Structure formats: C-alpha cells, structure tokens
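This is what each chain is made of:
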Amino acid sequence: MRQSRVGLPTPTAGPIGYDDDPVKMIGPLAGVRVVELTLAGAGPFAGACLAALGAEVIKLERPQGDTSLEVVPRLRGLSHLYLAVNTGKRSIIVDLRQPADRALVYDLVGASDVFLQNMRVGVAERLGLGPADLARLRPDLVWCAITGYGETGPLARDACNDPTAQAFSGFASLNGRSGDPPELFRTYAHLDVTTASYAVFAILAALHRRRRTGQGSRVHVSLLSAALANAGTPVAAFRRTGQLPPLRGSAAPDTAPHRAFRGSDGVWFTLGVVRDEHWASLCRVLDCPALGADPRFVTNLGRLAHRDEIEAMVAARLAERPAADWIALLVAAGVPAGPVFSDDFAALRAHPQIASNGVLAEVVTDRRGRIWLGAPPWRFSRTPAGLGAAPEPGQDGAAIRREAHPVGPRSSPQGVPTPATVPLAGLRVVEVAGGLAGPYAGKVLSDAGAEVLKIEGPDGDPARAYGPNIDGESVPFWYLNTGKTISAASALGHALREADALIVDRDERWLDPSIVAAALESNPRLVVCWLSGYGSAGPLRDLPAAELVVQGLAGYLGSLGSKGEEPIRLGADVAGLNTGLAAAQAVIAALLAGGGQQVDVSALGTLIHLRSITWAAWSDPDEPIGFAYDTVARSRDFGYTARDRRLYVATGRGTNEEWARFLIAIGLDDYLTHPVVGAGGHLVLGTAPYAEEWRALFDRAFSRFSAAELTALLREIGGKPSVVHRLDEVLRHPQTAAGAALDADGLPRPILFRDLAEPSP
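Residues numbered from 1 in each chain as written. Predicted model: local features only at pLDDT ≥ 70, side-chain atom pairs only at ≥ 80, totals over all residues. Heavy atoms only, no water.

1. Points about the sheet that holds strand S26 (residues 751–755)
No. 1: Across the sheet, seven strands lie side by side as S5-S2-S1-S6-S7-S8-S26; this open sheet has mixed pairing. Strand pairing shows two members of the sheet lacking a second neighbour, strand S5 (90–93) and S26, which therefore form its edges. In this sheet, adjacent strand axes meet at a mean angle of 20 degrees when their direction is disregarded.
No. 2: Taken together, the four bridges between strand S1 (residues 33–37) and strand S6 (residues 114–117) define a ladder with parallel strand orientation. Paired with valine 35 across the two strands is phenylalanine 115, which belongs to S6. (Pairing = 2+ DSSP bridges. Helix = DSSP H or I, 4+ residues; strand = E, 2+ residues; numbered from the N terminus. Axes fitted to C-alpha atoms, helices over the stretch in contact; angles between N-to-C directions.)

Below, the structure is given as structure tokens:
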C-alpha cells in the first residue's frame, strides 16, 4: 500500500489551528469523485490538486502508459514527472477498444461527479466520452477539457506542450534583457501547471453551480488561454497603451526600484519597492536622506520616470556591503528583499521561511523512496488539504473493478437553471486587498459571476500608483478591478454580515482584526481567506509581498538567464496572479465544504507548489539529466533560428522512419546512424536531454528554411513547433479569437463555461 493522505506541517506562529492527524482529516472535496483520462502534465496535475482537496480521483491509464513515463530523470525507475503530477490518486489500466473496459468506464463516470480529460480535440467524442455521451449517464456531471489551443480554430487539433505554448502565446516574449531576443523559461512546465490551476477553479465553480441549480457543466481551459491569463497585466498594458512591453532583465515594469542588485561579495539578491513607504525606508537603510527627500522620486510614477537614474544610485550604494547584510537590514526595515535560489536545493529547503511554513513536503512511497514536492497552497482551518503519494501505474485496478457497479441513466436533475457562463451567480465576496494577488482573486471570482465588493483602506490600493498610467488611471489597477463595486472602509461591517466570503491581504494593516472576528461570530458560514507574501510563520511573515522577491525565493530566477549573471525575472506576474487564483480556488472549495472556516494562502507557498515537478526531479534521481533537473546548467534558450523567424521546436518520439526522413530533409544525412542524433528528436530537440549539446547543429540546419517550411516538416513527424510571437502577433492571430482565449474587451479569458447539454462547437 502507498502512503495514506497526510497533513501539512503546522506553521509555528500561524493564526489558524491546523489538524495534521491524517486519520481525522477530511478535505473540502470529501465525497466528490473524479474520473480522469489524462496524459503528461496539465491534466494529471489538475487531478492531483483535486485529490489534495480531498476528492477521490481515479486515473484511467492507457495500456501503453502515460506519456509522462518517458520523461527523465527517473526515481528508482519511474519518471519524476509521473510521480509529481499524479499524487493522491487511484490508478487503473483500461483499454477503451475493449467493450468490457468501456462499459467499466461508463459505470465509473455514472457514479462520479467530474470527468477530466486533456486529449486532443475530438478524441473524447470518438471514444464515446464526449459531453453529450456522458450527459446521458449523468446529467449533472462536470465535464472538463484541457486543450492546447482551444476547441475550435485552425490550430485546434494541433499538438501543443508547455514550451510551444510559451512561444506561441507571447509568454516567452516578456522574458529577457534589453537588446537580446526573448527567452524561453527552461524548466518545469509552468504553463502546464497553471493551466491545471485554472481547470481546478473551473471545476470548483461548476460544482458550486451544480449544488445551487442541479445542472451539469462543461468547462474548457487551454494552454493558450492560461498563458495569456498569466500575462494578464502586460496584455492589459499593451491593450491600453499600444506599446509592447520592453525587456528589462530583472526589473519590474510597473514599480521601481524593483529588481535584482549585487552586493560587494558579488552575490545577487532581490529588492522590491512596491509602496511609496518602502522607498522612504530604503533610503533610510541606505543612509541617503537626500535621495529620499528628492521630490522627483517620492511617488512610484516619479520613480518610474527616473528609473535608470535611481537604479544606478541604489546599485552603487548596495555594492558597498555583502548581499546577506543588505537583506537583513532591508527586511528589518520592512522593505521586501530576499536571496536568489537557483540549483542549491538544500539551501532552499533550509531557508527558515520555507522550512517554518512547511511549503515543501516530503512524501514517502513504498517503491520509489522519499520524494520532495510542493505542499498544497491552501491551509484550511477545518477541512485541511492533504498530500498522498502517486500510485504505481495500474496498482488499484483490481480493487476498482470489484467496486464498480452499473449505474443506469439518470433523470435530468431538478434546480433553477442558470446560464453556465455565470456559475457563481448569487455569490457575495468582500475583498480587502491591494496590489496584485487579492484583487486578482476577486477578479477571477467576479469573472465567474460573483458579486465582489472591494473595500479600500485610508491609503487606497497601492496598485493605483502602478505604471503605466493612462489619463490618471493605473492600467494594472483598471485590469484587476473592473467589474467590482468599490467602497470605503465604512461599508465593511454591513457587507460582512451578508457576505459568503472575505478575502484579506495581510498587508492591509489598517484592518482591525476584531472586525473579522465579529463577522465570523455574526455570520458563521463566512469563509475568510487570508493572503500573504511569504506565509503566516517565519522571519518574513510580516514582510509585504513583492513579485521579484517571491520569484527569487521560490527558485524561478534559475530558469532564465545564466548562472552568476544578473537574474532575469519572468515578465508575467506569476507570483501575484497565481496566488490570486489559488485564493479563488480556496474560497469555492471552502464554500463547497459548508463554509464557516478560514484559509491561508501565500505567494511563496503557491509558487513552491507549482514547482513540484522540479522538486521531484531533485529528489535523488537515478541519473542527473532532463529538463527539470539540469535547467540551471543549460544556456539561455532563445529557440532555434529559422531563416526569417525564431522558432521553438519540440518533438515527440515518432517512428525511426519519420525521423530519418526529417534528417534527410534538413540536410543532416551524415547523422542518420549517429547513436544520439539518429535515435530521435525526443533526445536532441527543445527540452530533450541532449538538446543543449546539439543546438548549434540544428540551428545551422534550420537556418536554411523559413519558419513556415520548418513548421510543415516538423508536423510531419509529430512535432510541436511555434514561432516565438510578440504579444501583438498572438492577440491578432486567428487561433486566439477562435479559441475563445479573449473576452469582448480583448482581455484574457482563461475559462469557458457551457451547459453540459450544449452541443460541441
């Protein structure tokens, strides 16, 4: 037997009591059953998150196995990727070509609440597992599809993976240094796991709608739509200004100074001035009173206008002492700052902020040893999330077959019909938060139909001062808060008596905790979601969140740039927006459990959770190889150079004959019998284990072809190629419109909700 579901370590100074007794723990989705037919990363990770929330997740395995089983490194013979994205599930091997196994799947779905799949468009329907097929078995089913580019459009049926989506969506175009080409994020499949996160929210929202109306839903998320949603703030800035965001290395686009600096010892560290009071504190720490008193620099917009001048002065002062000294002084003064972790996993695990909040968890398996994973990001007070080991493929097959019982077609459920596009209609949420994470949580809930009341404190939302600013309005603030009702603090008490949920950012220090306590007393069903940058315990618990500081602490900066040089940040606000998404998930999950509890979500915990694939790869692998293991050692990845464009190239295994024809077509006949190059593109292209070694060879070969010619050749061998698009290019691409990745205002729409009975597009 694999290890039972275990609880998360109790923070040493958290405001909420946690029960880490696995016998007593029941997650918020206890009683929910999910049948999952998924492969690779995005679909399986979504199922693992649902399992962490307490659902029973049954993974249907193909006889030939999940494609993730081929990914290296392996841990005692099993792929780290499979072990990282299938936690807490039961596994059964089924052959859908066999009538008995197809009948078994129908029996399982008929007795389940959710069907989750990430096959190519049209495959589920061909297998008899489309929404219309399963609606006859279970009219109140939640049917979720995860695709690459969307359900319709010219690329809908094309293969897509995380790096290809980075390139196509413009996500990669936001990363890099000024004067360099855009850079791909080389690591652990960020878009796979964040696409999974949007799918989890979609499923939770659909379950909430079903509880209220009795209606089933079909929900759809694509890697393209999730990539654009991850880049929501720069997309909004481009929409409002018409200007593409410049590449700035480690520097943030909307606040300053907010970048990496180097101490006298040559060690890089992060610093984030995200509120005007941080600037005053920074100047005191630097002992530069004239700098702090300069009226040009008092406001964030003023500092952005003089960014280069300020950063040069600050860098000169910070170069006078070692990095660790500055971090200690800045943190003590309340200025966000922290180290940059890359490949030193032992140091990252030992950092007191990470250790004291239990955001990394070690899971014990029977056959694969101890595996490090990111702990679930939600800390519920009454229905804790848990983390179980991944199954051996097919290990629960006999038990599941014994337990399965035929379920006849059900009658249509009764309830009040509600359009699926507003699954959270009637939900009332109060948001007391500024910046990025809390407002994005409110936006996600509002976009799904909730009524969101935003309460601003005496100093207002700091995002009102973020750049760019158009006609006196901050574009990030506009993007994150459109659609909400905004009110002053005087309205808070009355609003909480009627609210279903309260989202509170711990940086909003004006909020009297007694107000929340009184609300919980008068409204016992209220869900309170507390947000923080770094968790409720540890030395950084009271430090305000800053995007770059969280990226550095979570090890993200090791996946761009070159080791030892100035770090490069992910241009998208991945810490702020993914934390907001995790908070939105937490709110709906807690309401599904009956409400009446509190939950903590931190930006650090969220990013550590999303990097589980990397932590698994670093858990004593059989061989030190693979995209998740050696990413820091690899060179910067600008894609391949076709004659006219840069192109990202990834390819599946394919057949030997197909690969041989491809090598001949691109003029590499001499390598047909080479033991590595001749063995297949899965070894030498894109994120493959030996791609770094052979990149120059393929760059020279590819430079003779246009991007369109190369794309056609690669698709013939099952490849996944994409031009590295700019934001403007992807926003006007016909696939983006056809794939429903944008709303009526041309802004990212990550999730598409439909009624289960609605015909497929």
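2. Thoughts on the pairing of strand S7 (residues 142–147)
No. 1: Where burial is concerned, most of S7 is hidden: six out of the six residues are buried.
No. 2: Burial of the side chains of S7 extends over both faces: Val142, Cys144 and Ile146 are buried on one face and Trp143, Ala145 and Thr147 on the other.
No. 3: Across four bridges, the pairing between S6 and S7 is parallel. Considered in S7, the bridge of leucine 116 is made with cysteine 144.
No. 4: In this structure, S7 lies alongside strand S8 (residues 217–222), joined through six bridges in parallel fashion. Residue pairing in the sheet places isoleucine 146 in a bridge with valine 221 of S8. (Buried < 20%, exposed > 50% of the residue type's maximum accessible area, 1.4 Å probe, protein only.)

3. Some thoughts on the sheet that holds strand S10 (residues 268–272)
Within a sheet, each strand pairs with its neighbour through backbone hydrogen bonds, oriented either parallel or antiparallel.
No. 1: Taken in spatial order, the three strands line up as S9-S10-S11 in an open sheet, and their pairing is antiparallel. With partners counted over all chains shown, the strands left at the sheet margins are strand S9 (258–262) and strand S11 (337–339), one partner each. Pairs of neighbouring strands in the sheet enclose a mean axial angle of 25 degrees, with direction left out of account.
No. 2: Both S10 and S11 contribute to a ladder of three bridges, which runs antiparallel. The partner of threonine 270 across the bridge, within S11, is glycine 338.

4. A look at the nonpolar core
No. 1: Within the largest apolar cluster, 174 residues are counted, with the highest numbers of intra-cluster contacts made by Phe201, Val314, Trp378, Leu445 and Ile588.
No. 2: Beyond its immediate chain neighbours, meaning those up to four positions away, phenylalanine 201 contacts Leu424, Val444, Leu445, Ala448, Leu581, Ala584, Gln585, Ile588 and Ile751.
No. 3: Ranked by size, the runner-up nonpolar core spans 26 residues in total, among them Leu685, Ala688, Trp694 and Phe705. (Core = buried A, V, L, I, M, F, W, Y, C linked by side-chain atoms within 4.5 Å. Contact = heavy atoms within 4.5 Å.)

5. Points about the packing of aromatic side chains
No. 1: All chains considered together, the criterion is met by 13 aromatic pairs.
No. 2: Measuring from ring centre to ring centre gives 5.3 Å for phenylalanine 345 and tryptophan 615, while their planes differ by 5 degrees; the resulting arrangement is stacked. Of the two residues, phenylalanine 345 is situated in helix H15 (residues 345–350) and tryptophan 615 in helix H25 (residues 612–617); the sequence distance between them amounts to 270 residues.
No. 3: Ring geometry for tryptophan 659 versus phenylalanine 698: centroids 6.4 Å apart, planes at 45 degrees, classification tilted. Of this pair, tryptophan 659 sits in helix H26 (residues 656–665) while phenylalanine 698 is found in helix H28 (residues 691–702), placing the two residues 39 residues apart along the sequence. This pair shows no difference in class: tryptophan 659 is buried, exactly as phenylalanine 698 is.
No. 4: If you follow arginine 321 out to its NZ or CZ, it ends over the ring of tryptophan 326, 5.6 Å from the centre. (Phe/Tyr/Trp six-rings, centres within 6.5 Å; stacked < 30°, edge-to-face > 60°. Lys NZ or Arg CZ within 6 Å of the ring centre and 35° of its normal.)

6. A word on the state of the cysteines
No. 1: Summed over the entire model, instances satisfying the criterion amount to zero disulfides.
No. 2: Of all cysteine sulfurs, the one in cysteine 49 lies closest to cysteine 144, which takes part in no disulfide; the gap is 12 Å. (Disulfide = S-S within 2.5 Å.)

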